[in-house]
Amino acid sequence: MTHEAGPADWLLALAPAALLLAAYLAGWSRARRRRPWPVARLASWAAGCALIALALAPPLMAAAHHDPRAHMAVHLLLGMYAPLALVLAAPVTLALTALPAPAARRVTAVLRHPVLHVLSHPVSAGLLVTGGLLAIYLTPLYALSLTQPLVHAAVHVHLLASGLLLAWALAGPDPAPRRPGTAVRLVVLLLTAAAHAVLAKTLYARAGELPPGTHQPVEVAEAAAQLMYYGGDVAEVLLAAALLTQWYRRRARRPALSAAAR
């Protein structure tokens, strides 16, 4: 029997995106009094919130419990597309601009914490993303998440958090502690994309067997694997474009800074 989503279900599902949007709007309202804030960043944050809301919407969530294609759509929205849109909105820079000086110093202290130095390194972020996907699709974790709400929620939190960390480490306009050069980040992106593609191909080749314990129809499992493969490709191209755009802007600023120094 299918449970029809009521107002409470919609409120609970949309609350995270609404809170994120409200927090950013509050910071934007304060920050623009001190300096101009690009409208594109506000639009990017709104798009990220909309993608989270779409992923958590009751119809898609209900479908994801029995249709691996819907689950894969949620995976792509929460783990790849929404994180990139949110990171490109430069929320850390916004916070540092909008917050009072004592609070901004606390944010800076967090950015300088050794634990964040490790987690925010592209290699660490790439391993978190790749390891999480391997755990979800090559172990009984995915099947368990279909019957255990807490596991289900934890999987979604991991997808979003690890996706945010990777996008921030690779292509975020925000300041990041000890961020390596563009070449290192490109290599990590290529390796992470390759791992994602290999996993998608493995799920396609062993459709009906993987993920363990799900017993999905072969043709449906194959379609989900194809969505993972091609949807992941698009997201990774967008991430590469964001990374190269940041590199180009840094290079374009150098001659101007050199001329000003003279």
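Criteria and thresholds
- Residues numbered from 1 in each chain as written.
- Predicted model: local features only at pLDDT ≥ 70, side-chain atom pairs only at ≥ 80, totals over all residues.
- Heavy atoms only, no water.
- Helix = DSSP H or I, 4+ residues; strand = E, 2+ residues; numbered from the N terminus.
- Rg over C-alpha atoms; globule rule 2.2 N^0.38 Å.
- Buried < 20%, exposed > 50% of the residue type's maximum accessible area, 1.4 Å probe, protein only.
- Phe/Tyr/Trp six-rings, centres within 6.5 Å; stacked < 30°, edge-to-face > 60°.
- Lys NZ or Arg CZ within 6 Å of the ring centre and 35° of its normal.
- Expected span 1.5 Å × (residues − 1).
- Bend = angle between axes of the 7 residues up to and from the residue.
- Polar contact = N/O pair within 3.5 Å; in protein donor to acceptor, adjacent residues only side chain to side chain.
- Axes fitted to C-alpha atoms, helices over the stretch in contact; angles between N-to-C directions.
- Parallel < 35°, antiparallel > 145°, perpendicular 65-115°, else oblique.
- Contact = heavy atoms within 4.5 Å.
- Nonpolar A, V, L, I, M, F, W, Y, C, P; charged D, E, K, R; others polar.
- Left-handed = near helix turned anticlockwise from the far one by under 90°.
- Core = buried A, V, L, I, M, F, W, Y, C linked by side-chain atoms within 4.5 Å.
- pLDDT = per-residue confidence, 0-100.

### Some points on the overall build of the chain
Then, in step 1: Assigned secondary structure in the chain consists of 12 helices and zero strands.
Then, in step 2: Sequence-ordered secondary structure for the chain, helices as α and strands as β, is α-α-α-α-α-α-α-α-α-α-α-α.
Then, in step 3: For a compact globule of 262 residues, the expected C-alpha radius of gyration is about 18 Å, and the chain comes in at 20 Å, within 12% of that figure.
Then, in step 4: Taken along the three principal axes of its C-alpha coordinates, the chain extends 70 × 45 × 30 Å.
Then, in step 5: Scored against the burial criterion, the 262 residues of the chain give a buried share of 43%.

### Side note on the packing of aromatic side chains
Then, in step 1: Within this structure, the stated rule accounts for three aromatic pairs.
Then, in step 2: Directly above the ring of W28 sits R32, whose terminal nitrogen or CZ lies 4.3 Å from the centroid.
Then, in step 3: The positively charged end of R41 is found above the aromatic ring belonging to W37, 5.1 Å away from the centroid.

### Digging into helix α4 (residues 68-87)
Then, in step 1: Counted at 1.5 Å a residue, the expected span for α4 with its 20 residues is 28 Å, and the 27 Å between its end C-alpha atoms agrees.
Then, in step 2: Where α4 bends most, at L77, the angle is about 35°.
Then, in step 3: With 17 of 20 residues buried, α4 lies mostly within the body of the structure.
Then, in step 4: The opening residue of α4, the one whose side-chain oxygen lies 2.9 Å from the backbone nitrogen of R69, is D67.

### Considering the packing of helix α8 (residues 122-138) against helix α11 (residues 182-205)
Then, in step 1: Viewed as axis vectors pointing N to C, α8 and α11 meet at an angle of 5°, and their least axial separation amounts to 9 Å. Viewed along their axes, α8 and α11 adopt a mutual orientation that is roughly parallel. Taken together, the residues of α11 that come into contact with α8 (itself represented by P122, V123, G126, V129, T130, L133, L134, Y137 and L138) are R185, V188, T192, A195, H196, L199 and L203.
Then, in step 2: Classifying every residue of the contact of α8 with α11 by side-chain character gives 11 nonpolar, four polar and one charged.

### So, the packing of helix α2 (residues 39-56) against α4
Then, in step 1: Across the interface, α2 lies against α4 with an axial gap of 8 Å and an inter-helix angle of 165°. Judged on the interaxial angle alone, α4 and α2 are roughly antiparallel. In the packing of α2 onto α4, the handedness of the crossing is left-handed. Judged by residue contacts, S44, W45, A47, G48, C49, L51, I52, L54, A55 and L56 of α2 engage V74, L77, L78, Y81, A82, A85 and L86 from α4.
Then, in step 2: Of the residues assigned to the contact of α2 with α4, the class counts are 15 nonpolar, two polar and no charged.

### What to know about the nonpolar core
Then, in step 1: Ranked by internal contacts, the top residues of the largest apolar core, which has 33 residues, are Y137, L170, L203, M228 and L239.
Then, in step 2: Counting only elements with at least two residues in this core, the list comes to α4, α8, α10 (149-171), α11 and α12 (218-261).
Then, in step 3: Each residue touching Y137, except ones within four places of it in the same chain, is listed here: H71, M72, H75, L199, L203, L210, P211, P212 and M228.
Then, in step 4: Core analysis: the second largest hydrophobic core is formed by 26 residues, W45, I52, L77 and A90 among them.

### What about the side chain of H196?
Then, in step 1: Examined against the element boundaries, H196 turns out to sit in helix α11.
Then, in step 2: With relative accessibility at 6%, the residue H196 sits in the buried group.
Then, in step 3: For H196, the contacting residues outside a window of four places in its chain are H75, M80, L133, M228, G232 and E236.

### Quick notes on the confidence of the model for the chain
Then, in step 1: Across the chain, pLDDT averages 91, with 95% of residues at or above 70.
Then, in step 2: By mean pLDDT, α12 is the weakest element of the chain at 86, and α4 is the strongest at 97.

### A closer look at the environment of A205
Then, in step 1: Inspection of the secondary structure puts A205 in helix α11.
Then, in step 2: A205 sits 82 residues away from V123 along the chain, and the two C-alpha atoms are 28 Å apart.

### Examining the environment of P36
Then, in step 1: With respect to the helices, strands and loops of the structure, P36 is situated in the loop between α1 (7-31) and α2.
Then, in step 2: In this structure the C-alpha to C-alpha distance between P36 and G181, which are 145 residues apart in sequence, comes to 28 Å.

### What to know about unusual backbone geometry
Then, in step 1: Omega for the peptide link from L210 to P211 comes to -10°, which places this bond in the cis form.
Then, in step 2: Phi at A90 is positive, roughly 55°, even though this residue is not glycine.
Then, in step 3: Note on placement: A90 falls in the loop between α4 and α5 (91-98).
Then, in step 4: In this model, H215 sits at a positive phi of 50°, which is unusual for a non-glycine residue.
Then, in step 5: Position of H215 among the secondary structure elements: in the loop between α11 and α12.

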